[in-house]
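# Residue-level structure breakdown
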Amino acid sequence: MKPLLNRLRIRLVLVYLAVGIVLAAAIGGGTYAMVNYYLRQVNDEALKQKMGLQFASLNLPMPLDLYVALINGDLIKAGEDPSTVIAQNDELMGGTTSLEDDPSERVEINELADIEVIPLTIEGTPIKGAVVTNTWLPIDKDAISTAIVNGYDFRTIKLTDGTPVRVLTYRIPITNGIGLIQVARSLKAQQYMLDQLLRGMIIVGLICILLLGFGAWLSASRSIKPMQLAWEKQQAFVANASHELRTPLTLIHAGVEVAQRSATSEAQKQVLEDVISDANHMTKLIENLLLLSRLDAHHLPLELKPLALPELFEDTIRQSNRAFSVSDISLSYESDPIEVMADEVRLKQILLILIDNAVRNNHPGGWVKLTAFARKDMAVIEVSDNGAGIPQEHLDKLFDRFYKVNDRSTPDYRGSGLGLSIAQSLVQAHGGTIELESEVGEGTTVTFTMPLTQKSHGNQPVSNIES
C-alpha cells in the first residue's frame, strides 16, 4: 500500500504542476503576445505616419489609411490639408528643430526620426539625392513586386546579421522619377527587449513552478495522510484478527476430523467433509492475509541463496502434479542452465500460485509450460498456458487484492483473489517485476524477473515434460 500511496502523492503533485505550467504558459504567453502585438501596432502606425509625410512632401493624393495615421499621431487635425504638416514639422523631411520649440510638442515627431526612407524608381532601384536615403537597408524585391500589384505592401524582413526590419512599401504616381517609396524601421532594440522579457518570464515561471511543486508535495502529503493512517490501522487489524482466528480454526479442524472418524452414516461424513474443506479454505485465506501484512510492513525475511532454475522447475512441477492431481493437462519446462538469487520457499510459492491459476482455468488436454532465460542481469521466467484466457477489461485489475474474474464456467472457481497479489508482492520483494498478457481463447502468459547470480550464463536449454 505504501508504494500505492507514494504513486498517488506523485500523481497529485504532477496534476498540480501540470495546472501550474498551463497557467504559467497561458499568462506568460499571453503577456508576450500582447507586448509583441502592441509594439507591432506602434511600429506599423509610425511607418504609416512617415509614409504619409512623404506623400505630403510630394503633394500626392493621400490614401485614407495614411491620412488617418497622421490624425492619430496628432500631426494634423481632422479636415486639415496634409501639406501643412510639412511646414510645421520640417525635421521629418531633413530639417532641424529650433531650440525654441517646445519639447513636449515634438515627442511624437522624434519617434519617427529613426525610420529610414528609400525613394525608388518603378523598377525598384534607389534614387539618390531627391530624398535622404540609407545604405544599410537592402531593397526587398518581393515587397516591391507586391506593392506594384496591390498598391502597397507591409512585411518584416531580416538582414544578413539576423536583425528584423519592418518595411512598408507604397506605389505612387511617378514623380521626379520616383515610382515607389519604402519606409523601414529596425526592430533590433525591440527584439532585444522581447527576448529579455521572455527570458525573465521563463526564469520567474521556473521559480514559481518549483515553489508550486514544493507546496503541492506538502499538500499532497497532507491529503493522503488520513488514508495512510487508515491503511495502517487496517493492516494492524488484519494481522491481529488473523492471529486470533488461526487457533480456533485449528481446533475446529481437529474436532471435525475426530467427529468424522466416529460418524455412522455417509451423510454425516459428507457434511463433516464439507466443514473440513471450508476450514481449510479459511486457514489458507488467513495465511495469505498474514503474508500480505508482513509484505506490506516489509517484515518478511528472505533467505536468499543461489537456486538452479532447471532443478527448481522439475521439483515444482512434481509437487504440482501431486497437489492438483492433474491427469489431462501436461506440465513442462524449458530453462537455460542459470541460477537466481532468491528465497527457495517464496520462489516456489510464486510458481505454485501461477501454475494453480493456469491449471484451474485450462481445459482437458491443455498444457502449462515454465520457461526461463537470461536477460542482462535478470532471469526472465514465464508461466504460459493455452487455457480460456482472460478478457482485456480485467487485465489491469488482476493484481488487485480480492479481485476475481467472475467466471463460474470453470470446474473450480472458488478462490480468495489474493494469489496474484501475493505473487506480485513476493516478486517485488526480490527486486523483480511481473506482468501478465492474455488473449481470450488463446491462453495466458505471466512473466516475472529474478536477479541472476554472478556465474549464471545461458548455454543449451534444459527441458523436461511431466503430464
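The following refers to the structure shown. Everything quoted here is computed from the prediction, not taken from an experiment. (Residues numbered from 1 in each chain as written. Predicted model: local features only at pLDDT ≥ 70, side-chain atom pairs only at ≥ 80, totals over all residues. Heavy atoms only, no water.)

With that settled, the discussion passes to a negative patch on the surface. Taken together, the side chains of E435, E437, E439 and E442 make up a negatively charged region of the molecular surface. Relative to the elements of secondary structure, E442 occurs in the loop between β10 (434–439) and β11 (443–451). Judged by its relative accessible area of 58%, E442 is exposed. (Patch = residues over 30% accessible without salt bridge, like charges linked within 9 Å, V, L, I, M, F, W, Y side chains within 5 Å. Areas by Shrake-Rupley, 256 points an atom, 1.4 Å probe, with all protein chains shown as cover. Salt bridge = Lys/Arg side-chain N within 4 Å of Asp/Glu carboxyl O. Lys, Arg positive; Asp, Glu negative; His and termini not counted. Charge placed at Lys NZ, Arg CZ, Asp CG, Glu CD. Helix = DSSP H or I, 4+ residues; strand = E, 2+ residues; numbered from the N terminus. Buried < 20%, exposed > 50% of the residue type's maximum accessible area, 1.4 Å probe, protein only.)

Relative to the assigned elements, S335 resides in strand β6 (residues 330–335). Its relative accessible area of 0% is what places S335 among the buried residues.

A separate point is the pairing of strand β3 (residues 164–175). Among the 12 residues of β3, nine are classified as buried, and the element is accordingly described as predominantly covered. Note: strand β2 (residues 152–158) against β3, seven bridges, orientation antiparallel. When the bridges of β3 are listed, K158 appears paired with P164. Pairing of β3 with strand β4 (residues 178–186) involves eight bridges; the strand directions are antiparallel. Residue pairing in the sheet places R166 in a bridge with R185 of β4. (Pairing = 2+ DSSP bridges.)

What follows deals with unusual backbone geometry. Within the chain, D74 stands out as a residue other than glycine whose phi angle is a positive 60 degrees. Counting through the fold element by element, D74 comes out in the loop between α2 (64–72) and α3 (84–88). Exposure remark for D74: the relative accessible area of 62% places this residue in the exposed category. Look at N176: it is not a glycine, yet its phi comes out positive at around 55 degrees. Here N176 is to be found in the loop between β3 and β4. Owing to a relative accessible area of 68%, N176 belongs among the exposed residues under this scheme.

What is shown is where atoms sit, not what they do.
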